[in-house]
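# Understanding the architecture of this molecule
Letter by letter, the chains look like this.
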Amino acid sequence: MFLAPSLIGLLVFIVYPIIASLWLAFQDWNMLSAPKFIGLANFQELLQDQDFWRALRYTLTFVVLYVPSVFVIGLGLALLLNQKVRGMIIVRTSTFLPVVASWVVVSLIWKWIFNPSYGLINYGLALLGIQGPDWLFQPQTALYAMVITSIWKDVGYIALLYLGGLQSISETYYEAAQIDGAGRWRSFRSITLPLLSPTMFFVAITLLINYFQLFEQVWLMPMTDSAADRQLRVIVTEVVRNAFSYNRMGYASALSWVLFILIFIITFVQFRLQKRWVYYESQ
Amino acid sequence: MNHSNAVAGTMQSTKHGEGIVVSHNGFTSIARALLMIVIVALMVLPFLWMLSTSLKEQQYILKTTPELIPNPLTFTSYTQLADRIDLGRTFFNSLFVALVGTVGQILVAAMAAYAFSRLEWRGRNTVFMLYLATMMVPAVVLVVPQFILIRQLDWVNTYQALIVPGLFSAFGTFLLRQALLTIPKDFEEAAFVDGANHFTIFWRIILPLSRPALATLAVFSFMGYWNNYLYPLFVARKESVATLPIALATLQAGPRALTEWNIVMAGAVITVLPILVAYLLAQRWFVRGVISSGIKG
């Protein structure tokens, strides 16, 4: 009785779509005529699809630039936030503002800031005597702009995750280390890092799962009809384009499953590797 | 470089209590104070710039020397925005969808959490595994089939399309189940003796006792509905049901958008202000929510 609404809803709106999507990945369907079973043809086409490979390349480049940056900067920020100093609450509150703002708003604010002629960034660069690039017009610079924007938006969230981990480390470890004459760097390396590693593991998993699916900033930030707009596409963009611009529901589903499998493999590998670096206190 | 060292160093000294902080030289605390100011500025400035741009007239935003304080200060961007999109309607759509969605999601999830934590039934663990399994499927897999389902239901451009699929997040059930498991059974056993049934216990005992977890889920849920873009983009684009993010994104994609940043930023202010205010008022629930979502891993 208590479960019924939730379970029925989950089956209709989550489980059924997942199964339907898997089924669709093996069909050719434009939503007008009846779906046609075409076996693995969607996946074969995908291997030949230049757009897919380009999207995969951009997705990977983005992840490689973004994930390590926010992983490290977030940790630094968490270490700062963990200090009991007056005014720190203001820092915490302010770093979390972009986290609660929507991606649409954040993308537009930064699109304006990265405006080559009237934006704040190029104005600042000009003050330093540097001629700023066309940021959101060219794929390469647009990618950097989006990585910067994404770090700005997420760093408060990542830091807060770390902060939870930091605050669960018992002070007695640090006291013991101090008695043993360990320096600050030494106790950071020998106490903080190992005891924080489960949180770091969780952060890494979350970041990779989310950022293989990045979409909004890439969809909204490039300038209309610029080279960045035409070329800088990620995998979710390709799913969306195939489904909603070309009505290729089968192919779009196949693409989304390939992305799912990629995410699954990467998460699985991380779980296998965690034994090498993640330390659990209970062990 | 010296930032991170300073951070690592001072973090430790506070861990050791006040005595060490005093023996530490003043340089570290000045460097730290500077760092704190720089971070706050970096985080707040883009929002101030949004606000500032929205209060300028168009000819003043296209200046090579940016000015943070609008001069002259004007609200014309907001009236122009109201000419472009049906502001009242769009705002109502966003608010209605977010409020109904949040209340609905909490109710559905709390009831399911009750079934998973308080009732004994066959297959409970198997069904719970199903819930956990759906949490692992990335959202992108759902975009296409959910759109097709909404079409089949003839729900395109309706409120239910925006609200209903989001109600059944397994995450909410999971979060609340964890909270319910920590509530001792003594209370309800006493109530059972007094002849209460499950509905009374759920309503009168369990829900009030799990208020912190409900608040956490409410915050997540409201934020999710208010900020959602990818999903509404395909099921509810029509102006009569469009939410703020959809309307805002359409606005900036228009042909004149290149020079109308004051209007786009006015839209951004209206979209982001309610959620920022909600965050500042309910900050501890946001913080608690993030930390508890981190612990599950």
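Predicted, not measured: the structure shown is a model, and the values here were computed from it. (Residues numbered from 1 in each chain as written. Chains lettered and ligands numbered in written order. Predicted model: local features only at pLDDT ≥ 70, side-chain atom pairs only at ≥ 80, totals over all residues.)

## A few points about the interface of chain B and chain A
Under the convention used in this document: Here the contact rule is simple: place C-beta atoms from the backbone, and any two residues whose C-beta atoms are within 7 Å are in contact. In DSSP terms, a helix is any run of H or I states spanning at least four residues, a strand is any run of E spanning at least two, and both are numbered starting from the N terminus. Each residue receives one of three labels: charged for Asp, Glu, Lys and Arg, nonpolar for Ala, Val, Leu, Ile, Met, Phe, Trp, Tyr, Cys and Pro, and polar for the others, Gly being one of them.
Contact residues are listed per partner, giving 81 residues for chain B and 77 residues for chain A. Considering every element that reaches the side of chain B that touches chain A, the biggest residue donor is helix 3 (residues 26-54) of chain B, with 12 residues. Taken together, the residues of the side of chain B that touches chain A sort by class into 62 nonpolar, 16 polar and three charged.

## Re the nonpolar core
Condition: As used here, a nonpolar core is made of buried Ala, Val, Leu, Ile, Met, Phe, Trp, Tyr and Cys residues. They are joined through C-beta atoms within 7 Å. In this scheme every C-beta is placed from the backbone, and a residue whose C-beta has 20 or more other C-beta atoms within 10 Å is buried, one with 12 or fewer is exposed, and one in between is partly exposed. Where a domain begins and ends is set by an automatic assignment or by a domain database.
Judged by nonpolar contacts, the single largest core of 157 residues is most densely connected at Tyr162 and Val239 of chain A together with Ala268 of chain B. If one sorts the elements of this core by residue count, helix 7 (residues 139-167) of chain A sits on top with 15 residues. Residues from two domains meet in this core; each of domain 1 (2-78) and domain 2 (81-295) of chain B gives at least three. Leave out the neighbours within four places in its chain, and Ala268 of chain B touches Val105, Leu108 and Ile109 of chain A together with Met50 and Leu248 of chain B.

## A few points about helix 7 of chain A
Selection rule: To estimate the expected span of a helix, subtract one from its residue number and multiply by 1.5 Å.
Taking 1.5 Å per residue as the helical rise, helix 7 of chain A with its 29 residues ought to reach 42 Å, and the 41 Å between its terminal C-alpha atoms agrees with that figure. The element helix 7 of chain A is largely enclosed, with a buried count of 21 among its 29 residues.

## Structural notes on the domain arrangement of chain B
Residue and element names in this part refer to chain B. Domain annotation for chain B reports domain 1 (2-78) and domain 2 (81-295). At the junction of the two partners, domain 1 supplies 11 residues and domain 2 supplies 11 residues. Of all the elements in the fold, those that place two or more residues in the side of domain 1 that touches domain 2 are helix 3, helix 4 (58-61) and helix 5 (76-84). Sorting elements by how many residues they give to the side of domain 1 that touches domain 2 places helix 3 first, with four residues.

## Let's talk about unusual backbone geometry
Cis geometry marks the peptide bond from Asn71 of chain B to Pro72 of chain B, where omega comes out at 0 degrees. Among the secondary structure elements, Pro72 of chain B is positioned in the loop between helix 4 and helix 5. Backbone geometry places Asp225 of chain A, a non-glycine residue, at a positive phi of 65 degrees. With respect to the helices and strands, the residue Asp225 of chain A is situated in the loop between helix 10 (216-220) and helix 11 (227-231). In this structure, Asn157 of chain B is a non-glycine residue whose phi angle is positive, near 60 degrees. With respect to the helices and strands, the residue Asn157 of chain B is situated in the loop between helix 8 (139-152) and helix 9 (159-163). On the neighbour-count criterion, Asn157 of chain B (16 C-beta atoms within 10 Å) is partly exposed.

## Considering the packing of helix 5 (residues 103-113) of chain A against helix 3 of chain B
Note the following rule: Here the axes come from fitting lines to C-alpha atoms, over the contacting stretch only for helices, and the angles between their N-to-C directions go from 0 to 180 degrees. Roughly parallel means an angle under 35 degrees; roughly antiparallel, over 145; roughly perpendicular, 65 to 115; everything else is oblique.
Remark: helix 5 of chain A packs on helix 3 of chain B, axes separated minimally by 10 Å, with the N-to-C direction vectors making an angle of 80 degrees. Put simply, helix 5 of chain A runs roughly perpendicular to helix 3 of chain B. Of the residues in helix 3 of chain B, those in contact with Ile109, Trp110, Trp112 and Ile113 of chain A of helix 5 of chain A are Pro46, Trp49, Met50 and Thr53 of chain B. Split into classes, the residues belonging to the contact of helix 5 of chain A with helix 3 of chain B amount to seven nonpolar, one polar and no charged.

## Regarding the confidence of the model for chain B
All names here are of chain B. Formally: One confidence number per residue, pLDDT, is output by the predictor and ranges from 0 to 100.
Considering every residue of chain B, the mean pLDDT works out to 85; 88% of them sit at 70 or more. Of all helices and strands in chain B, the one with the weakest mean pLDDT is helix 1 (residues 2-15) (40), whereas helix 6 (residues 87-117) scores best (96). The low-confidence segment residues 1-23 (pLDDT under 50) makes 34 contacts with residues lying over four places distant or belonging to another chain. Across the interfaces of the predicted complex, the ipTM metric reaches 0.92, alongside a pTM of 0.90.

## Examining helix 5 of chain A
The element helix 5 of chain A is extensively covered by neighbouring structure, given that 11 of its 11 residues are classed as buried. Within the span of helix 5 of chain A, buried status applies to Trp103, Val104, Val105, Val106, Ser107, Leu108, Ile109, Trp110, Lys111, Trp112 and Ile113 of chain A.

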